[in-house]
Amino acid sequence: MRSSQAVPQFRRSGFILCRLRGIPIVLGYTWLLLAAMVVAVYAPIVRRSVPGIGEGAAYLVAGLFALTLLASVFLHELGHALVSLRWGIAVRQINLDALGGFTEMEREAARPRTAAAIALAGPAVSAVLGLAGAAALVVTEPGSLGWQLSFQVCVANLLVAVYASRLLTLTTP
């Protein structure tokens, strides 16, 4: 999350996927490169990890995983955006790109408490998604496709939650 002055121009390029509550959700062109890399790297892992899965199915699963990552980043940023709106700070757009995502707000929060609430909303969403992935691990068959995807959702979201929370502690004065 950041105000528009701090957003590099290359992170502003993309196309509008949709609008949510009037907020444009922009998919950066760089995300398409990231998705291709995720598919190329993850498909062989799926092939090795899930017995009997064909090559085409492995690439389909890898593509679905890339979309799941996109959804996770979107929900993380939506957490920032909704709390920002709740505190009366307009949101210009949500950008999703290869570096993750960011919520572009009209202005900075006036009070530290508000800024903290907005900043923590994204990692909180990621933590909930990660815990949901962990819960899915308990009810899925180890080595199955469902288990593999649940594991990836769990790890990816918990890493984002921890990283984002750690980043907040390093950048907070």
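Attention in this report is confined to the structure presented alongside it. (Residues numbered from 1 in each chain as written. Predicted model: local features only at pLDDT ≥ 70, side-chain atom pairs only at ≥ 80, totals over all residues. Heavy atoms only, no water.)

## Some words on the overall build of the protein chain
Heads up, the condition is: Strands are runs of DSSP state E lasting at least two residues, helices are runs of H or I lasting at least four, and both sets are numbered from the N terminus onward. Each residue is assigned to one of three classes by its accessible area relative to the maximum for its type, calculated with a 1.4 Å probe on protein chains only: buried under 20%, partly exposed between the two thresholds, exposed over 50%. We call two residues in contact whenever any of their non-hydrogen atoms come within 4.5 Å of each other. Residue burial considers only the protein chains on display, and all accessible areas are found by Shrake-Rupley using a 1.4 Å probe.
Of regular secondary structure, the protein chain possesses 4 helices and 5 strands. Reading the protein chain from its N terminus to its C terminus gives the helix and strand order β-β-β-α-α-β-β-α-α. Taken over 173 residues, the protein chain has a buried fraction of 38%. Sequence separation of 24 or more characterises 61% of the internal contacts of the protein chain that already satisfy a separation of 6 or more. By element, 69% of the accessible surface of the protein chain is carried by carbon and sulfur atoms, the whole surface being about 9,400 Å².

## So, the nonpolar core
Spelled out, the test is: Throughout this description, the term nonpolar core refers to a set of buried Ala, Val, Leu, Ile, Met, Phe, Trp, Tyr and Cys residues connected via side-chain atoms within 4.5 Å.
Counting 27 residues, the largest nonpolar core has Ile 23, Ile 25, Tyr 42, Val 46, Ile 94 and Leu 96 as its most contacted members. When contributions to this core are tallied by element, the ones reaching two or more residues are strand E3 (23-28), helix H1 (29-49), helix H2 (55-86) and strand E4 (91-97). Per element, the largest residue contribution to this core is 9 residues, and it comes from H2. Excluding residues that lie within four positions of it along the chain, Tyr 42 makes contacts with Val 61, Ala 62, Phe 65, Gln 148, Leu 149 and Gln 152.

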